[in-house]
Amino acid sequence: MMLPLSLEFFPPKTAEGSDKLRAARAQLYALKPEFCSVTYGAGGSTHAGTFTAVGEILAEGVMAASHFSCIGATRARVREQLAQLKAMGVQRLVALRGDLPSGYGMGGEFQYASDLVEFIRAETGSAFRIEVACYPEVHPQAKSPQSDLQAFAAKVHAGADGAITQYFYNADSYFRFVDEARKLGLDVPVVPGIMPITNSSQLLRFSDSCGAEIPRWVRLRLQSFGDDSKAIRAFGQDVVGELCQRLVRGGAPALHFYTMNQAGPTLAIAQALA
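Undergrad: Would you take a moment to explain the overall build of the chain for this structure?
TA: The number of helices and strands found in the chain is 10 helices and 8 strands. By the compact-globule yardstick of 19 Å for 274 residues, the chain fits well, its C-alpha radius of gyration being 18 Å. Projected onto its principal axes, the C-alpha positions of the chain cover 50 × 45 × 40 Å. Per-residue burial for the chain yields a buried fraction of 49% across its 274 residues. Considering only contacts within the chain whose residues lie at least 6 apart along the sequence, 78% involve residues at least 24 apart. For the chain, the computed accessible surface area is about 13,000 Å², with 51% contributed by carbon and sulfur atoms. Averaging the coordinates of the 26 positive side-chain charges in the chain and doing the same for the 26 negative ones gives two points 1 Å apart.

Structure, rendered in structure tokens:
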């Protein structure tokens, strides 16, 4: 049986990109997503585009969650944006520390995502369901797996309702992370983030920068396909489909798909699970 699922998009930068995203969403709504989230650029750089896409999703009759990062933000600015989202009818947020824009000092009045979660709760009570990020394979900037788990605990104690993981291709890392979180008394749902495989060079480059491990056998197989995009997509669908089946069997509460603004790869995986 298919689990509840959610979908993630990024705000397009061009009119053509906006049209393509609307077309992709129209196809993906066949999956009846629980909600769709829209990412937020480094330092809030895509704030206007994020809120525009969130507004469109709500107008299409689907629950929308805005990503919300706090690097470089002031309390006054966050308060203003929360009021804007509330007025739009948004009931769900993905609260993140966020990435620093290049050449940008830390700045702002929030140091950690847990500070942002605590502030949102203090300001808005239970107006928003708050999701946070977690890292089954350990955040690339964490000092140790233990300190990374403690950072997750701080977000939960600050008021997070649930978590969405960084993508991964090793199910054991997810199950171990959930077990360790439960031992600390952290009982919020931990939803696996699923990244379809469609472009090997892009995936390998991105994974190296964000700390997501590509198993050696997967990496070598992808490299062996060269520029054969059809073979890469077919192999990727098999690998990610098997990963999702294992997660479903192991008791994952839902699946969150990083769609990369494309309908086909996510549809193929989800339909194979149905």
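Undergrad: Teacher, can you tell me more about the layout of surface pockets here?
TA: Where empty space is left becomes clear once a probe the size of a water molecule has been rolled over the atoms. Of the volumes computed, that of the second largest pocket is approximately 160 Å³. Considering the residues around the second largest pocket, the lining is formed by Y169, N170, P215, W217, V218, V239, E242 and L243. Elements that contribute at least two residues to the lining of the second largest pocket include exactly α8 (216-224) and α9 (229-249). Take the lining of the second largest pocket: its biggest share by element is 3 residues, from α9. Partitioning the lining of the second largest pocket into residue classes produces 6 nonpolar, 1 polar and 1 charged.

Undergrad: Help me understand the side chain of S207, please; the structure alone is not making it clear to me.
TA: Summarising the element assignment, S207 is placed in helix α7 (residues 200-210). S207 gets classed as buried once you look at its relative accessible area, which sits at 1%. In this structure the side chain of S207 is engaged in a polar contact, spanning 2.7 Å, whose partner is the backbone oxygen of L203. Setting aside anything within four residues of it in sequence, one finds S207 in contact with Y167, A212 and I214.

Undergrad: What am I meant to see in the sheet that holds strand β2 (residues 36-38) here?
TA: The strand order around the closed barrel formed by 8 strands is β1-β2-β3-β4-β5-β6-β7-β8, and the pairing between neighbours is parallel. Neighbour-to-neighbour, the strand axes of this sheet turn through a mean angle of 30°, independent of strand direction.

Undergrad: Can you help me understand unusual backbone geometry in this one?
TA: You will see that K32, though not glycine, has its phi angle at about 50°, which is positive. Relative to the helices and strands, K32 is located in the loop between α1 (15-28) and β2.

Undergrad: Honestly, empty space enclosed by the protein in this entry has me stumped. Any pointers?
TA: Throughout the structure, instances matching the rule amount to 1 cavity of 30 Å³ or more. By volume, the largest cavity amounts to about 40 Å³. The residue makeup of the lining of the largest cavity, split by class, is 7 nonpolar, 2 polar and 1 charged.

Undergrad: Please clarify how the pairing of strand β4 (residues 92-96) should be interpreted in this entry.
TA: Residues in a regular strand project their side chains so that they alternate between the two faces of the sheet. Within β4, 5 of the 5 residues are buried, leaving the element largely enclosed by the surrounding structure. Here β4 shows two buried faces, one formed by R92, V94 and L96 and the other by L93 and A95. Inspection of the sheet shows strand β3 (residues 64-69) paired to β4 by 5 bridges, in the parallel sense. Along β4, the bridge assignment pairs F68 with A95. Crossover connection from β3 via helix α3 (residues 75-88) to parallel β4: handedness right-handed.

So, how was this worked out
- Within each chain, residues carry numbers counting from 1 in the order of the written sequence.
- Where totals are concerned, whole chains, interfaces and linings use all residues; where local detail is concerned, this predicted model gives features only for residues with pLDDT of at least 70, and gives and counts side-chain atom pairs only at 80 or more.
- Hydrogens and water molecules were not included; the side-chain quantities draw on all heavy atoms of the structure.
- The secondary structure listing takes helices from DSSP runs of H or I that are at least 4 residues long and strands from runs of E that are at least 2 residues long, numbered from the N terminus.
- Throughout, the radius of gyration refers to the C-alpha atoms, and the reference size of a globule is 2.2 Å times the residue count to the power 0.38.
- Each residue is placed in one exposure class: buried if its accessible area under a 1.4 Å probe, protein chains only, is under 20% of its type's maximum, exposed if it is over 50%, and partly exposed if it falls in between.
- Here a residue-residue contact requires only that any non-hydrogen atoms of the pair lie within 4.5 Å.
- The method behind every accessible area is Shrake-Rupley, applied with a 1.4 Å probe, and residues are considered shielded solely by the protein chains displayed.
- This count recognises Lys and Arg as positive and Asp and Glu as negative, with His and chain-terminal groups excluded.
- A single reference atom marks each charge: NZ on Lys, CZ on Arg, CG on Asp, CD on Glu.
- For cavity detection a 1 Å grid was placed over the protein atoms alone, and a set of points counts as a cavity when a 1.4 Å probe fits there but cannot get out; an open set counts as a pocket when protein lies on both sides within 12 Å along at least five of seven lines, with lining residues being those that have an atom within 4 Å of a point.
- Grid points are joined across faces, edges and corners, and a volume is the space filled by probe spheres set on the points.
- Residues are grouped as follows: Ala, Val, Leu, Ile, Met, Phe, Trp, Tyr, Cys and Pro are nonpolar; Asp, Glu, Lys and Arg are charged; all remaining types, including Gly, are polar.
- Any pair of nitrogen or oxygen atoms within 3.5 Å is treated as a polar contact; in protein, a donor-acceptor pairing is required on top of that, and neighbouring residues in sequence qualify only through side-chain atoms on both sides.
- Two strands qualify as a pair provided that DSSP identifies no fewer than 2 bridges between them.
- All axes are obtained by fitting lines to C-alpha atoms, using only the stretch in contact for helices, and the reported angles, taken between N-to-C directions, cover 0 to 180 degrees.
- Here a crossover is taken to be right-handed if, once the strands point away from the viewer, the path from the first strand over the helix to the second is traced clockwise.

These values are about where atoms sit, not about what they do.
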